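# Structural description and commentary
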Amino acid sequence: MTKAGNDPVSVSIENGVGLIGLDNPPVNALGAALRKGLSDAVAALNNDPAVRVIAVYGTGRCLSAGADIREFGKPPQEPRLSDVLDQIEASAKPVIAVVHGTTLGGGLELALACHARIGLPGAQLGLPEVTLGILPGAGGTQRLPRLIGLQEAVDIISSGCRVGTDEAAALGILDGTDTRSPREAALAAATGVARGGMPTRRTGQIVARIDPELIRQAIEKLQRKRPALAAPIKAVEAIAHAEKPIAEGLKAERALFLELMDSPDRQGLIHAFDAERVARHFPETSATPRPVGQVGVIGGGTMGSGIATALLQAGIPVILVETAAERAEAARAAVAGNLDNAVRRGKVSATARDAQLAMLTVTADLEGLADVDMVIEAVYEDMAVKTGIFGRLDQICKPGAVLGTNTSYLDVNAIAAATSRPQDVIGLHFFSPAHVMRLLEVVVADKTAPEVVATALALAGRMKKVAVRSGVCDGFIGNRILAHYRKAADYMLLDGASFQQIDRALEDFGFAMGPFAVGDLAGLDIGWATRKRKAATRPAKERYVAVADRICERGWFGRKTGRGYYLYGDDKTREPNPEVAAMIEAERADKGITPRAFSDDEIVSRYMTAMISEAARVVKEGIALRPIDVDAVFLFGYGFPRHLGGPLNYADRIGAAALIERIETYAAEDAYYWQVPALLRELAHSGRSFADLNKE
Ligand code: 3H9
């Protein structure tokens, strides 16, 4: 075998088979060195008379997860992936691919350019490029429809979905399967080809039939479903060229690929991909996590039962504590309902659901938590109640148990101080519904031990959550920023915009729901309770909008009561609640406000500027480690439009100087609310961006 040091490709010859092993951990990304190594290996093996057939496989966990995303946006380096794959397709000697692990994007395109493909059990095949704002740019849009037909190729490429080994074999992507190791399977398949026992062909020479009507309908459907996203549509446009000779089709694919490569969506979507992975790099990562077998959850309401569900789904046994036996049984029923929903949606089998439910114990006795390794408290937001519980946990729990609180804004230091072991106390802020939402804010208090942080991070990994480290402040990263920018929406409402216009403008911008619709969904009583709690400490200079209070005083708490800003029908449609308009007018009259018109652009500008301002403060204060952590919070916990990459990634598109200009303009009418954050000034002065801060 020839492989020098960090060489990302190993080459060996056995019984007339030239074996190329891709060796670029962790996922065999097809970076420049690997592309060159692969190209050189194919050329050398073609020239070696001892070799009759060539086979490519991956060392490590997969064949390849595709092009190296880290190279995007940098000057291209030769050889291009598409040229290497054309070289493989043109190879005089047959080239076989062994598909295993997550074989995605360029990794699958590599396999498609080979002359036959063998799959191993558990492989996941897909062309996820559209989820990164691009399209398969190394022949995927041309070769997949040739192999499996137009409709199936359109479905796979435009959705970016993955298919398993069996489905891939049934579709015709794979020519056979094998259960041996990747290298053994490569050797066996190539030997089979050398003996004439397995047919091979050049995918590019297969003729694809393109039905223009099918293409038209697919594009129309995508435009309806996701109008903001160009990539899936362009991908289908590229597929439409698959009827042409392969060289022409590849040229058309490349032109469309390059168009998308330059688009801001591509940058935003790849930033979102990175955010999920960068956020988990905590300073405490090197500490040794404590083992977590069983977890106690206190509180069986929506949050507690959701957290218990998520733990069970991760295979972690749970003891759920409620205040009385019947409440505990109701919590068990709620968890069972959540698990049933997962079965209905086809996420797990009924057998797996039964096994998960069997790991749940419910009790009305806090003493039942004596032996658990970790506790997650999820009772209602009341400091006295929480400190009372933590005081008791201190007495009950075994030494070394991690004591977590799911508080969404209370002071974790104060909760920790209720125990004699503050080093074991940590905030674990899940988002509702906790078994669906991916975000977990890990709130590190002053005395939290590094291994307790590492334990939380490891637990998040097991639960497939996106963990983001937050310092202690009112609302942590997400709810603190939300509390600030939400006011901007209320101010616009009072100054003349309607709540329907604000919601629509922000939904057009890309949010799944506008702020008033979100308030109705979450329950207006939640914000009402918080406002009442904070009324005594509200600064005199702060503008206060009482419309939501007026709505709540009528007993209208949003969707759960059928009324809030909107009226809700049985079919979940919404229409504006006409009585809210009267409440707004009354408050305007009371405060002497003459309503003015707002353009949709101004609405988006004020809302986003307010969000970015508070986010900049959160970064400056060190509550968030880096700007990208704020982005992760908003992408995975607040429905922030993924193609914009998060609020601070979006902020870089506007630029610090332009943001300051906006804030100074708005400050003319409310200098208390619109203050320029110090960090924005620093960035403007130094000519740096939030992206630069992420690199520091
Ligand atoms: C493409 O192929 C374009 C072509 O059509 C044409 C071009 C001309 N590049 O996610 P993980 C890193 S576009 C570079 O934590 P998992 C990742 O950042 C590409 N790095 O593990 C992480 O780094 P770190 C199409 C990559 O087990 C580490 O590997 N392909 C790449 O949860 C481990 O990853 C895709 O979109 C990459 N392509 O999931 C696939 N992929 O440790 C993208 C991963 O420093 N990747 N890394 O944080 C994935 O979906 C998941 O990473 C995968 C593994 C499922 C593979």
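Our subject is the structure listed above.
My aim in this report is to walk through the structure given alongside it, one point at a time. The structure presented is a predicted model; accordingly, all values stated were derived computationally and were not measured. Numbers given to residues run from 1 along each chain, matching the order in which its sequence is written. This being a predicted model, a pLDDT of at least 70 is required before a residue's local features are given, and a value of 80 or more before pairs of side-chain atoms are given or counted; all residues contribute to the totals for chains, interfaces and linings.

### Things to note about unusual backbone geometry
Of note, the amide linkage connecting P25 to P26 takes the cis form, showing an omega dihedral of 5°. Here the amide bond leading from S432 into P433 is cis, since omega sits at -10°, within 30 degrees of zero. With respect to the secondary-structure elements, P433 resides in the loop between strand 15 (425-430) and strand 16 (439-443). At N28, a position not held by glycine, the phi torsion is positive, near 55°. Helical segments are the DSSP runs of H or I of at least four residues, strand segments are the runs of E of at least two, and each set is numbered from the N terminus. Within the secondary structure, N28 is located in the loop between strand 2 (17-22) and helix 1 (32-47). Exposure in this text rests on C-beta crowding, where 20 or more other C-beta atoms within 10 Å of a residue's own make it buried, 12 or fewer make it exposed, and counts in between make it partly exposed. The C-beta atoms are placed from the backbone. Judged by the 29 C-beta atoms lying within 10 Å of it, N28 falls in the buried class. Notably, K464 is not glycine yet its phi reads approximately 55°, a positive angle. Mapping K464 onto the fold places it in the loop between helix 17 (450-462) and strand 17 (466-470). For K464, a count of 10 C-beta atoms within 10 Å translates into the label exposed.

### Structural notes on the environment of K36
You can see K36 is positioned in helix 1. Between the alpha carbons of K36 and K398 there is a distance of 57 Å; along the sequence they are 362 residues apart.

### Quick word on the nonpolar core
Ranked by size, the top nonpolar core spans 211 residues in total, and within it A55, I96, V98, I426 and V442 carry the most contacts. Broken down by element, this core gets its largest block of residues, ten residues, from helix 24 (residues 600-620). In this usage, the nonpolar core is the set of buried Ala, Val, Leu, Ile, Met, Phe, Trp, Tyr and Cys residues whose C-beta atoms join them within 7 Å.

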